[in-house]
Amino acid sequence: MRHFVDINTQTHLRILNASVPLCCIPKDSSLPSPTIDSLALVDINIVEGKVIGIHAARGSAGYVNHNVGIVDLRHGMVLPTFVDLHTHIDKAQTGERSRNADGTLSGADRSTASDAEFWNQDDVYRRMDFSLKCAYAHGTSALRTHLINMSDKQMQLTWPCFKILKEKWKGKVELQGVSLVVLSFFRDEQKAVQLANLVKSAGGMLGAAVCCAENGGDPNDDWTTCDRDRDALLDRVFTLAKERDLDLDFHVDENGNERAKGLLYIARKTIQHGYQGRVVCGHCCSLCYQGDQDLEVTMQAAKDAGVTVVSLPLVNQWTQDRDQQGRRTPRWRGVTLLHELRSKGIPVAMASDNTRDQFFAYGDLDMLEVFNQGCRMAHLDRPYQDWATTVGSVPADAMNLPQHGRIAPGLPANMVLFKARGYSELLARPQWDRVVLRNGVAIDAEVPDYSELDTVPNERRYTADQLSAVPSELPCMPHPEPLQVLPNNVLNSVPDLKSGAKSAAAG
């Protein structure tokens, strides 16, 4: 990747005249008055890979020391490395071989189920590793992925690959994993216990989709809304998590239905079980259709529960309010109520979600793109204030990673440098010439070539006249298969993975 500035590896580095969002650095009364967009012009002092000081910019004339590397950004922006709180790298890069024919949420579920025939250990490992290469090159230092666990096959593929990749990418991308099943999965106590034990042994988090189908909130939705036994199912989820000291991360209200109130149900259960501050809720799209009174009740409950809400702007604007026939323009943007949630004191984040799969045909795990589009769709730019924290310190706190998503003395010098001198320039172009510093050293990583993924024999690539071949009879979510007892060593060995890992590394 071509960098806009060359940074030589040196023990002592000074970054001069950097425009940094005030929300990304410690409060300091000695810093200069910020710009209209809350940017401070500072010098950043780095020694042996750590930030040792952030001071008001003094220009470059006074710095003459051959033992110190000097980089004058000339008002170029600096952000902390990104934190991506909600992704699906196990499904990533499958969208062309099993295309979502109509772009809807239910179409995504059907085509994801159809793609299962291609899943094996080499395939899952290669796509997950490819995704992490993308994220790392773009400047992400921590990432949480949901792992679809509706069947035995999915469990036995995703968690072993996750465990190997977590170790492989340690120190580059801190990887976290969440089990993803529908709420009704927890009706079978034995299966639920086995899943929770598997998650615990892999160092993951427990998750579920609540009121999250296209008809989420409707009593007829017995997969994710579960009207008849929702209380008991949520109690089971929280109890399993508490017994194993697992954080919880839910898919919630991913639709435009006023009756979808999963966030309220989860917030109340969080308080009931004393799990405040340990729950993340993703999507929460239906808040846009709540009446004022219901909205106030839900937001107050979420605040009291210490829930972090993560919005997925790229994906939700693609699937929400989509006409199956493609004849009607969408009437709303799909993003949740970021302004209202934040003004209520609820931590809000933004994340990548799906990338080039059935739920979103595009994306590259570039959190600058997520922030860029989020600012445009949700009007986060007048003023920008502290919205940069939605891709930095807020998700880092939700992931219990206090050294990520911020720039401060004593922390590793992990940051992204841009030639752009303010938000208007930053968000106007892709910033392909950005410089990613990790422990004070510029990385030379590049995004991987898509040819690394050309491994599926007879890959399906639907054209317009072949869309009728897309299976339509598949259920919106695959029914859970009978869950067999997993071998004790399932997380310690992946029989056919070595060749895939070697070829992926060679790519």
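This is a predicted model, so every value here is computed, not measured.

K.L.:
Outline the sheet that holds strand 3 (residues 50-56), listing residues and values.
P.N.:
Pairing within the open sheet is mixed, and its 4 strands lie in the order 3-2-1-4. Looking along the sheet, the strands with just one partner apiece sit at the ends: strand 3 and strand 4 (69-72). Across the sheet, the mean angle separating the axes of adjacent strands is 25 degrees when strand polarity is ignored. Inspection of the sheet shows strand 2 (residues 39-47) paired to strand 3 by 6 bridges, in the antiparallel sense. Residue pairing in the sheet places Ile 46 in a bridge with Val 51 of strand 3.

K.L.:
Residues and numbers for the sheet that holds strand 5 (residues 78-80), please.
P.N.:
The 4 strands are arranged 5-14-15-16 in an open sheet whose pairing can be described as antiparallel. In the strand order of this sheet, the two ends are held by strand 5 and strand 16 (441-442), each with one partner. Note: strand 15 (residues 435-438) against strand 16, 2 bridges, orientation antiparallel. Pairing of Arg 438 across the sheet is with Val 441, part of strand 16.

K.L.:
Can you lay out helix 10 (residues 367-378) for me, pointing to particular residues and giving the numbers?
P.N.:
For helix 10, with 12 residues, the first-to-last C-alpha span of 16 Å sits near the 16 Å given by 1.5 Å per residue. For helix 10, the tally of buried residues reaches 9 of 12 residues, placing the bulk of the element in the interior. Listed in full, the buried residues belonging to helix 10 are Met 367, Leu 368, Val 370, Phe 371, Asn 372, Gly 374, Cys 375, Met 377 and Ala 378. After helix 10 finishes, the residue His 379 shows a positive phi value of roughly 55 degrees.

K.L.:
Just give me the short version of the pattern of salt bridges, but keep the residues and values in it.
P.N.:
Going through the model one piece at a time under the given rule, you end up with 30 salt bridges. A salt bridge links Arg 99 to Glu 96, with the nearest nitrogen and oxygen atoms 2.4 Å apart. You can call Glu 96 partly exposed: its relative accessible area is 25%. Measuring nitrogen to oxygen at the nearest pair gives 3.9 Å for the salt bridge that ties Asp 129 to Lys 133. Of this pair, Asp 129 and Lys 133 both sit in helix 2 (residues 121-138), 4 residues apart, roughly one helical turn. By relative accessible area, which is 16% here, Lys 133 ends up buried. Salt bridges linked by common partners bring Arg 97, Asp 115, Asp 123 and Arg 127 together as one network.

K.L.:
Tell me about the pairing of strand 15, and please be specific about residues and values.
P.N.:
Look at any regular strand and the pattern is simple: side chains alternate between the two faces of the sheet. Along strand 15, one buried face is formed by Val 435 and Leu 437 and the opposite face, lined by Val 436 and Arg 438, is buried too. Inspection of the sheet shows strand 14 (residues 415-417) paired to strand 15 by 3 bridges, in the antiparallel sense. If you follow Val 416 over to strand 15, its bridge partner there is Val 436. Hairpin connection, strand 15 to strand 16: the antiparallel pair is bridged by 2 residues, and Asn 439 has positive phi, about 55 degrees.

K.L.:
Before we move on, could you go through the packing of aromatic side chains and cite the residues and values that matter?
P.N.:
In this structure the tally under the stated criterion is 12 aromatic pairs. Centre to centre, the rings of Phe 185 and Phe 186 are 5.8 Å apart; their planes meet at 75 degrees, and the pair counts as edge-to-face. In this structure, Phe 185 and Phe 186 share a single accessibility class: buried. On the numbers, 6.1 Å between centres and 80 degrees between planes, the contact of Trp 318 with Phe 360 is edge-to-face. Remark: Phe 360 occurs in the loop between strand 13 (348-350) and helix 10 and Trp 318 occurs in helix 8 (residues 313-319); sequence separation between them is 42 residues. Judged by its relative accessible area of 13%, Trp 318 falls in the buried class. When its relative accessible area of 4% is taken as the criterion, Phe 360 is described as buried. One aromatic cluster is present, built from ring pairs that chain together Phe 238, Phe 250 and Tyr 275. The ring of Trp 119 is capped by Arg 127, whose NZ or CZ atom sits 5.1 Å from the centre of that ring. Sitting above the plane of the Tyr 450 ring, Arg 356 keeps its charged end 4.6 Å from the centroid.

What counts, and at which threshold
- Residues numbered from 1 in each chain as written.
- Predicted model: local features only at pLDDT ≥ 70, side-chain atom pairs only at ≥ 80, totals over all residues.
- Heavy atoms only, no water.
- Pairing = 2+ DSSP bridges.
- Helix = DSSP H or I, 4+ residues; strand = E, 2+ residues; numbered from the N terminus.
- Axes fitted to C-alpha atoms, helices over the stretch in contact; angles between N-to-C directions.
- Expected span 1.5 Å × (residues − 1).
- Buried < 20%, exposed > 50% of the residue type's maximum accessible area, 1.4 Å probe, protein only.
- Salt bridge = Lys/Arg side-chain N within 4 Å of Asp/Glu carboxyl O.
- Phe/Tyr/Trp six-rings, centres within 6.5 Å; stacked < 30°, edge-to-face > 60°.
- Lys NZ or Arg CZ within 6 Å of the ring centre and 35° of its normal.

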